[in-house]
Amino acid sequence: MVLASVLMILGGIMAILQGIAAIANDEVFVNTRDYVFQLDLTGWGWIHLILGLITLLAGVALLKGSTWARIVGVALASLLVIANFMWLPYHPLWALALIAVDVLVIWALCTAPRPPED
């Protein structure tokens with residue numbers, strides 16, 4: 001569970017940085033033509049920023065031992081995998097790195113033993 005929570009915190013921070021970069025200066029990223037998912041880079045930035053903040057908070061809650069954060073973590077990591085897949089044309093290496101982190105989060109949360117019931 002510690003691995004999952006630390007990866008969630010790191011993944012959340014990276015998504016926040018990704019979102020800030022897209023919001024602040026979207027000329028940094030390559031503008032692709034004829035891409036199926038047409039959304040302004042600033043819009044993608046807000047999506048990544050919001051998902052990153054929620055993931056960061058859920059990772060901190062999971063580190064403190066909250067059981068609800070486990071389910072929320074799997075859901076958020078799944079959403080981030082989808083968002084980063086759709087982000088692939090803009091920054092492929094960064095998106096692939098974040099997809100790998102989010103898949104590790106899902107794996108760690110799903111395979112961790114259940115906490116003992118009192």
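Up top is the structure.
Residues numbered from 1 in each chain as written. Predicted model: local features only at pLDDT ≥ 70, side-chain atom pairs only at ≥ 80, totals over all residues. Heavy atoms only, no water.

1. Section: the packing of helix α3 (residues 68-87) against helix α4 (residues 92-111)
At step 1: Packing of α3 against α4 leaves a shortest axis separation of 9 Å and a crossing angle of 160°. In terms of axis orientation, α3 runs roughly antiparallel to α4. In this structure, the crossing between α3 and α4 has a hand that is left-handed. Residue-level inspection shows R70, G73, V74, A77, S78, L80, V81, N84, F85 and W87 of α3 in contact with α4, the latter providing A95, L98, I99, D102, V103, V105, I106, L109 and C110.
At step 2: Considered class by class, the residues forming the contact of α3 with α4 number 14 nonpolar, three polar and two charged. (Axes fitted to C-alpha atoms, helices over the stretch in contact; angles between N-to-C directions. Helix = DSSP H or I, 4+ residues; strand = E, 2+ residues; numbered from the N terminus. Parallel < 35°, antiparallel > 145°, perpendicular 65-115°, else oblique. Left-handed = near helix turned anticlockwise from the far one by under 90°. Contact = heavy atoms within 4.5 Å. Nonpolar A, V, L, I, M, F, W, Y, C, P; charged D, E, K, R; others polar.)

2. Observations regarding helix α1 (residues 2-24)
At step 1: Over its 23 residues, α1 runs 33 Å from end to end, which matches the ideal 33 Å to within 8%, given 1.5 Å per residue.
At step 2: Among the residues of α1, A4, S5, L7, M8, I9, G11, G12, A15, I16, Q18, G19 and A22 are the ones counted as buried.
At step 3: Buried-residue contacts for α1 involve α2 (41-63), α3 and α4. (Expected span 1.5 Å × (residues − 1). Buried < 20%, exposed > 50% of the residue type's maximum accessible area, 1.4 Å probe, protein only.)

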